[in-house]
Each structure stands twice: as C-alpha cells, then as structure tokens.
Amino acid sequence: MTVIPESELEFHFYRAGGPGGQNVNKVSTAVQMRFDARNSPSLTEAVRARLMKLAGSRLTLDGIILITAVRHRTQERNRSDAIERLQGLVDKASVAPVYRVPTKPTRASKERRLEGKAKRSTIKSRRGRPDGED
C-alpha cells in the first residue's frame, strides 16, 4: 500500500453552494485538491500507470489528478474527504491485477461432452415417423 505524503498535494479552497445557511456566502469550504501523478516520486511506474487509468475524467492532460470535495460544511472535513478519496484510488491502483492462466479441458471432460452429444443425437434421431408409414 502506497501512502501519498501531504507535501505532494496542493489544495485550493473556494465557496460552495449547498447546505450551510449564511456560512455558504462567507466561508470557502469547498476543496479542489491537485496531485501530480505523472511526476510523483512516491509512486512506482506500475502503480502510476494503473492510477492514471483509474482516475479517468479526473486526470488532466498534464498528468494531474483533480479531486473536488464539497460534501461537508467545513473546510477540514472536505479536505480529509478529498485525501481519503485519493488514497482509495491509490490503494486500488496498488493491487496488481491477477491474470487468468488459460487451461485446456481434460481428456475425461472431452469424453463426457462427446458422450452427452452422442446420447442427444440418438434421442433426436429416434423422433419422427415410425418405419413403414408413408
């Protein structure tokens, strides 16, 4: 699990709409966090590639991940929410995908399949008109 140091994160605070009463018009509680994934020294190449793929529309052309947090009424809670969301993305990217190793069917399973097909063929071939009636 990779931990991102706060020194690599850049925060911008701005006023957000939503709940908060008069507070909304006075205090900058919304957070836009920027993380430079392309130039981060704390990520390995494999994790960086997976993280940039996972980020999707949050990734800019410069390789910066933008996370906006406006869920809470306070700046501190929005800041910690943004950090948690980034850490969740990094944790998900840290897990290498397990690739499926293709296997071949066993001889016994091939034989069972062919026996089943032969039985079904016999059942179907016995359907129809009985011999002698034309």
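Just so we're clear, the structure is a prediction, and the values are computed from it rather than from any experiment.

Undergrad: Can you tell me about the sheet that holds strand 3 (residues 64-69), naming the residues and giving the values?
TA: Read across the sheet, three strands follow the order 1-2-3 without closing on themselves; strand pairing throughout is antiparallel. Across the chains shown, the open sheet's two edge strands, defined by having one partner strand only, are strand 1 (9-14) and strand 3. Within this sheet the neighbouring strands show an average axis-to-axis angle of 20°, counted without direction. Relative to the sheet, helix 3 (residues 75-94) contacts strand 1, strand 2 (30-36) and strand 3, its axis offset from that of strand 3 by approximately 140°.

Undergrad: Provide a residue-level description of the side chain of Ser40, including the pertinent values.
TA: Among the secondary structure elements, Ser40 is positioned in the loop between strand 2 and helix 2 (45-55). Side chain to side chain, Ser40 and Ser42 meet in a polar contact 3.0 Å long. Ignoring any residue separated from it by four or fewer positions in sequence, one finds Ser40 in contact with Glu8, Phe35 and Arg48.

Undergrad: I'd like a rundown of the packing of aromatic side chains, residues and numbers included.
TA: Within the structure shown, the criterion is met by one aromatic pair. Seen in terms of ring centroids, Phe11 and Phe13 are 6.4 Å apart; in terms of plane orientation they differ by 15°. Their pairing is stacked. On the basis of relative accessible area, Phe11 is assigned to the buried category, the value being 18%. The ring of Phe11 carries the charged tip of Arg79 above its face, separated from the ring centre by 4.3 Å.

Undergrad: Describe the environment of Thr2, naming the residues involved and giving the relevant values.
TA: Examined against the element boundaries, Thr2 turns out to sit in the segment before strand 1. Judged by its relative accessible area of 17%, Thr2 falls in the buried class. Separated by 102 residues in the primary sequence, Thr2 and Lys104 place their C-alpha atoms 37 Å from one another. Leaving out residues up to four positions away in the same chain, Thr2 has contacts with Ser42, Leu43, Gln87, Val90, Asp91 and Ser94.

Cut-offs applied
Residue positions are given per chain, counted from 1 along the sequence in the order it is written. Since the coordinates come from a predicted model, pLDDT governs what is reported: local features require at least 70, and pairs of side-chain atoms require 80 or more to be given and counted, while whole-chain, interface and lining totals use all residues. Only hydrogens and water are set aside when side-chain values are computed; all heavy atoms of the structure are taken into account. Any two strands are treated as partners once DSSP identifies two or more bridges connecting them. For the purposes of this entry, the term helix denotes a DSSP run of H or I that reaches at least four residues, the term strand denotes a run of E that reaches at least two, and both are numbered from the N terminus. Axis angles are defined between N-to-C directions and span 0 to 180 degrees, where every axis is a line fitted to C-alpha atoms and, for a helix, only to the segment in contact. Throughout, a contact is declared for two residues whenever any of their heavy atoms are within 4.5 Å. Polar contacts, as used here, are pairs of N or O atoms within 3.5 Å; protein pairs need one atom able to donate a hydrogen and one able to accept it. Residues neighboring in sequence count only if both atoms are side-chain atoms. When two rings of Phe, Tyr or Trp (its six-membered ring) have centres within 6.5 Å they constitute a pair, described as stacked for plane angles under 30 degrees, edge-to-face for angles over 60, and tilted for the intermediate range. Buried, partly exposed and exposed residues are distinguished by accessible area as a fraction of the type maximum, computed with a 1.4 Å probe on protein chains only: under 20%, between the cut-offs, and over 50%, respectively. For a ring to carry a charge above it, either NZ of a lysine or CZ of an arginine must fall within 6 Å of the ring centroid while also lying within 35 degrees of the normal to the ring plane.

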